[in-house]
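Structural overview for review
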Amino acid sequence: MMQTLIETLLNKFPEAVLSADIDTAHAETTVEVAAPRILEVMRFLHDAPEACFDHITDICSADYPSDQQRFEVIYQLLSIPHGKRIRLKTRLTEENPSLDSITSIWRGADFLEREVYDMMGIRFAGHPDLRRILLPEDYTEGYPLRKDFPAEGRGWRSQFDFIPRLDEPPVEQVDSEVSEAERKVFLSNPNASPSNRREELLLNMGPQHPSTHGVVRVVLELDGERIVKATPDLGYLHRGVEKLAEGLAYMQIIPHTDRLDYVCAMANNYAYVRAVEKLLGITVPERAEYIRTIVAEMQRILGHLFWLGAQALDIGAMTVFFWTFRERETLLDMFEQLCGARLTLNYYRIGGVDSDFTPELVTRLRTFLETFPQKVNEYDSLLASNRIWLARTKHIAVISGKDAINFGMTGPSLRGSGVAYDVRKLEPYGVYHKVDWEVPVGKNGDTYDRYWIRVEEMRQSARIIAQCLDQMPPGPIIADMPQYIPPPKQLVMRDMESLIHHFIIFTQGFKPPKGETYCPTEAPKGELGFFIISDGSPRPYRLKIRSPSFIHMGAFDHMARGYLISDIITIFGTYDVVMGECDR
C-alpha cells in the first residue's frame, strides 16, 4: 500500500514532493515536501480514500544550524482504517521560519504546533492561537530546542509581585466592558432577567487544585455554572527533558523517563528502550520479552487502580480508593522485590531487563491473580449501580469517535468513543501476539465508557499475565550484543576484559548508526511514542516524546463546553492525566 501511495503522491504533486523513501529496516515511510505546498499535500493525505490518514500522531522539529534550510518540521500521521503510518518532513530557512498551519485539517495540531513554536520559534500561518504553551508567555530568552541555546539556560527568572505594597492604597478594578447605564439598571433591579444583562465570569481553576492531580491551570469562561470555554495553561512542570536528553548518553536517559508519568514509570522505560532497540536493530531474548510484557501489564493494572481510586475519591466514593490502593500496594511490593524500587523503577534495559523473575516472585504473582478478578468485580459493584456515580459520569464529556481521532487521542480515551485502536494489536511487540486477549471498546464516548474501558483492561491485563507466566521459557534476560550492551556484573567483578568493556560502555556510551525512527508503545494513558534522530554520536541529536497526556489536554475545551463547573473534575479524571508527562 505505501509504495502505491508514494507513486500517487509523486504523480499528483510532482513539484511538491521532493523525495520519498521506505525504510524496510525500520518499516517506516518518509516523504519530504516543499514547505509552501505542505497544506495541500496534508489535505490529500487526510481526505483521499486510498490514504485516509485521519489521526494526527505528533508534530516536532529539529535544528540543523549549518544547513541553509536550518529548521526541519516533522509530522507523524496514522491511518487507523489502513493501519499504516507515514512521516512527512519539510525544511525552512532561519530568515523565514514560517509554515501553513494544519489545524484546519486536524484539530489536534493546535497544541502540537504551539509546542513547535514555543521550543523552536517556527511560526504557523493561520493558527487560531499561536503563543507559547510550555514556557511562560513573557519568556523572551529565545527558543530552547535550538542548538545554539545553552543547556543551562540564559538566566531568565520570572518577576511576580507576590507581596502587596502595604503603603499604597488598593487599585479599584473597573470593568470597562459594562457601561454605566447597564450598571444602573442592574443596581436598580437585581432580579433582572438574564436577557436584560450579560455578565462574563472568568474562573481560575488551579494551578494548585486537588482534582487536577498535578500543577495545571484552566481558565474557565462561564455562563452561570455552564462552561462556555475552557483554556488549559500548561508548563508548570516543564523541566526540559528533551533538551537534557541531547546531552546524555542513550543509557543515561532511562532514569529520566521514570519522571515523566511517575505513576506508570515501567511503561515509560519500556517505550524508550524499545525506540533505542529499533534504532539499533537489537533482537531481545524471548524470556526477556515475556518478562517485559508481564511487567508492562502489571504497570497497566497499577496505573488503572491509581486512576480508579482517585477518580472515585474526587466524585465522593471513598471506599473504592482504599480498596484499589490495597491491591496496588501488593503489586508495588512485587516491584520492590523485582528491582528494589516502588515508584521510579529504572528496570528496563536496552536489549532486555535488569533482573530476572525468581520462583518466589512468580508464586506471589500467581496468588495475586487468583483473587484479583474478584476484587475488580467488587470495585464495579460499588460504582456500576451507584446513582451518584452514574449521574456524574453518564453522558458527561461526550466525544465522538471521529472527533477523538481528529484530536489525536489514543488509549482508553479513544477506545471509549468506539475506536478499537491499540498499538499492541496494530503493531504487536513483546509477546502480545502470542497470548489471547481482547481490546475493550465503548459505545457512547462519555466518562462512564472510559471508566468501563479501564476496568475491563485490568481484567484483560490479568489474562495476559497469567498466560505469559504459563508460557515463559528459560534463557537469558538481555541480548548478547557487546558493542551496545555491557557485560554481566558477575564477569565485570572477576574479568579484566569485561571490566574494561563495562568502563567504556558507561563512560563513552555506544554509537548507533545515523538515522531516525519513531516507536509507539501502548502505555496505560495512551500511545507513548519516542522519536529519535541519531547523528552517529553517543547522544541523540534529537529526542521527541509523544505524550498522550499533552495530546489529550488539547481536547479539553471541546469536551468541557456546555457542562457544569463540577464536571471539570471528572473531565480531568477521564484523561488520567499526569502533568509530569504532559509538560515534560
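Scroll up to find the structure this text is about.
What this report covers is the structure whose coordinates are included nearby. These figures come from a predicted structure and were not determined experimentally.

**Details of the pattern of salt bridges**
The final tally for this structure, using the stated rule, is 47 salt bridges. Taking the shortest distance from any N to any O, the salt bridge between Asp 436 and Arg 463 comes out at 2.9 Å. You can see Asp 436 sitting in the loop between α14 (423–426) and α15 (447–471) and its partner Arg 463 sitting in helix α15, a full 27 residues away along the chain. Judged by relative accessible area, Arg 463 falls into the partly exposed class, the value being 30%. The salt bridge involving Lys 525 is made with Asp 576; its shortest N-O contact spans 3.4 Å. Taken together, the residues Lys 525 in the loop between β13 (515–523) and β14 (526–534) and Asp 576 in the loop between α20 (567–575) and α21 (579–583) connect sequence positions 51 residues apart.

**Quick notes on the nonpolar core**
Ranked by internal contacts, the top residues of the largest apolar core, which has 167 residues, are Leu 88 and Phe 357. Every residue in contact with Phe 357, bar those within four places of it in the chain, is listed here: Arg 287, Ile 291, Ile 294, Val 295, Met 298, Leu 338, Val 362, Leu 365 and Met 472. Residues Tyr 64, Tyr 518, Ile 533 and Tyr 541 belong to the second largest nonpolar core, which totals 8 residues.

**Digging into the sheet that holds strand β8 (residues 201–205)**
Strand pairing in a sheet is mediated by backbone hydrogen bonds. Such pairs are either parallel or antiparallel. One open sheet accounts for 3 strands, arranged β8-β9-β10; its pairing is antiparallel. On the outer flanks of this sheet lie β8 and β10 (226–233), each paired with one strand and no other. The average angle at which neighbouring strand axes cross in this sheet is 20°, direction not considered. Judged from the 5 bridges that link them, β8 and strand β9 (residues 217–223) form a sheet pairing that is antiparallel. Within β9, the position partnered with Asn 204 by the bridge is Val 219. Packing of α20 onto the sheet brings it into contact with β8, β9 and β10, and relative to β8 it is tilted by some 45°.

**Description of empty space enclosed by the protein**
Evaluation of the coordinates by the stated rule reveals 4 cavities of 30 Å³ or more. In this structure, the largest cavity encloses a volume near 50 Å³. In terms of lining, the largest cavity is formed by Ala 267, Tyr 270, Ala 296, Arg 300, Tyr 429, Thr 521, Glu 522, Ala 523 and Pro 524. Within the residue set of the lining of the largest cavity, elements represented by two or more residues are α7 (265–280), α8 (286–315) and β13. No other element matches the 3 residues that β13 contributes to the lining of the largest cavity. In terms of residue class, the lining of the largest cavity is made up of 6 nonpolar, 1 polar and 2 charged. Roughly 40 Å³ of volume is contained in the second largest cavity.

**Structural notes on α7**
For α7, which comprises 16 residues, the first-to-last C-alpha distance of 23 Å matches the rise-based estimate of 22 Å (1.5 Å per residue) to within 8%. Across the 16 residues of α7, 15 count as buried, placing the element largely inside the fold.

**Comments concerning unusual backbone geometry**
Phi angles above zero are rare outside glycine, and His 395 is one such case at about 60°. Since its relative accessible area comes to 56%, His 395 is described here as exposed. Phi is positive for Ala 397, which is not a glycine, with a value near 55°. Residue Ala 397 is classed as buried on the basis of its relative accessible area, which comes to 0%.

**Notes on a nonpolar patch on the surface**
Together, Met 496, Leu 499, Ile 500, Phe 503 and Ile 504 make up a nonpolar patch on the protein surface, roughly 490 Å² of accessible area in all. By the element assignment, Ile 500 lies in helix α17 (residues 496–508). Since its relative accessible area comes to 45%, Ile 500 is described here as partly exposed.

**Focus: the packing of aromatic side chains**
Considering all chains together, one arrives at 20 aromatic pairs under this definition. Judged by centre distance (5.1 Å) and plane angle (70°), the ring pair of Trp 389 and Tyr 451 falls under edge-to-face. Placement of Trp 389 in helix α11 (residues 387–393) and of Tyr 451 in helix α15 is noted, with a sequence separation of 62 residues between them. You can call Tyr 451 buried: its relative accessible area is 2%. Here Tyr 484 and Phe 510 contribute two aromatic rings whose centre-to-centre distance is 5.5 Å and whose plane-to-plane angle is 75°, an arrangement assigned as edge-to-face.

**Brief notes about the pairing of β14**
Most of β14 sits out of view: 9 of its 9 residues are buried. Between β13 and β14, which pair antiparallel in sequence order, lie 2 residues. Direction of pairing for β14 relative to strand β15 (residues 542–546): antiparallel, over a ladder of 5 bridges. Within β15, the residue paired with Phe 530 across the bridge is Ile 545.

**Considering the packing of helix α10 (residues 359–383) against α15**
Where α10 meets α15, the axes come as close as 10 Å, and the angle between the chain directions of the two elements is 165°. The angle between α10 and α15 falls in the class roughly antiparallel. Crossing of α10 over α15 shows left-handed handedness. Contact with α10, carried on its side by Val 362, Leu 365, Arg 366, Leu 369, Phe 372, Val 376, Asn 377, Asp 380 and Leu 383, involves Tyr 451, Val 455, Met 458, Arg 459, Ala 462, Ile 465, Ala 466, Leu 469 and Asp 470 of α15 and no other residues of that element. Grouping the constituent residues of the contact of α10 with α15 by class yields 13 nonpolar, 1 polar and 4 charged.

**What to know about the environment of Arg 546**
You can see Arg 546 is positioned in strand β15. We classify Arg 546 as buried; its relative accessible area is 1%. Taking C-alpha positions, Arg 546 is 8.7 Å from Ile 59, a pair spaced 487 residues apart along the chain. Arg 546 has contacts with His 55, Ile 56, Thr 57, Asp 58, Gly 408, Thr 410, Tyr 518, Glu 527, Leu 528, Gly 529 and Ile 551, leaving out every residue within four places of it along the chain. Among the polar contacts listed, one links the side chain of Arg 546 to the backbone oxygen of Gly 408, at a separation of 2.8 Å.

About the thresholds
- Residues numbered from 1 in each chain as written.
- Predicted model: local features only at pLDDT ≥ 70, side-chain atom pairs only at ≥ 80, totals over all residues.
- Heavy atoms only, no water.
- Salt bridge = Lys/Arg side-chain N within 4 Å of Asp/Glu carboxyl O.
- Helix = DSSP H or I, 4+ residues; strand = E, 2+ residues; numbered from the N terminus.
- Buried < 20%, exposed > 50% of the residue type's maximum accessible area, 1.4 Å probe, protein only.
- Core = buried A, V, L, I, M, F, W, Y, C linked by side-chain atoms within 4.5 Å.
- Contact = heavy atoms within 4.5 Å.
- Pairing = 2+ DSSP bridges.
- Axes fitted to C-alpha atoms, helices over the stretch in contact; angles between N-to-C directions.
- 1 Å grid on protein atoms, 1.4 Å probe; cavity = no way out; pocket = protein on both sides within 12 Å on 5 of 7 lines; lining within 4 Å.
- Points joined across faces, edges and corners; volume = space filled by probe spheres on them.
- Nonpolar A, V, L, I, M, F, W, Y, C, P; charged D, E, K, R; others polar.
- Expected span 1.5 Å × (residues − 1).
- Patch = residues over 30% accessible without salt bridge, like charges linked within 9 Å, V, L, I, M, F, W, Y side chains within 5 Å.
- Areas by Shrake-Rupley, 256 points an atom, 1.4 Å probe, with all protein chains shown as cover.
- Phe/Tyr/Trp six-rings, centres within 6.5 Å; stacked < 30°, edge-to-face > 60°.
- Parallel < 35°, antiparallel > 145°, perpendicular 65-115°, else oblique.
- Left-handed = near helix turned anticlockwise from the far one by under 90°.
- Polar contact = N/O pair within 3.5 Å; in protein donor to acceptor, adjacent residues only side chain to side chain.

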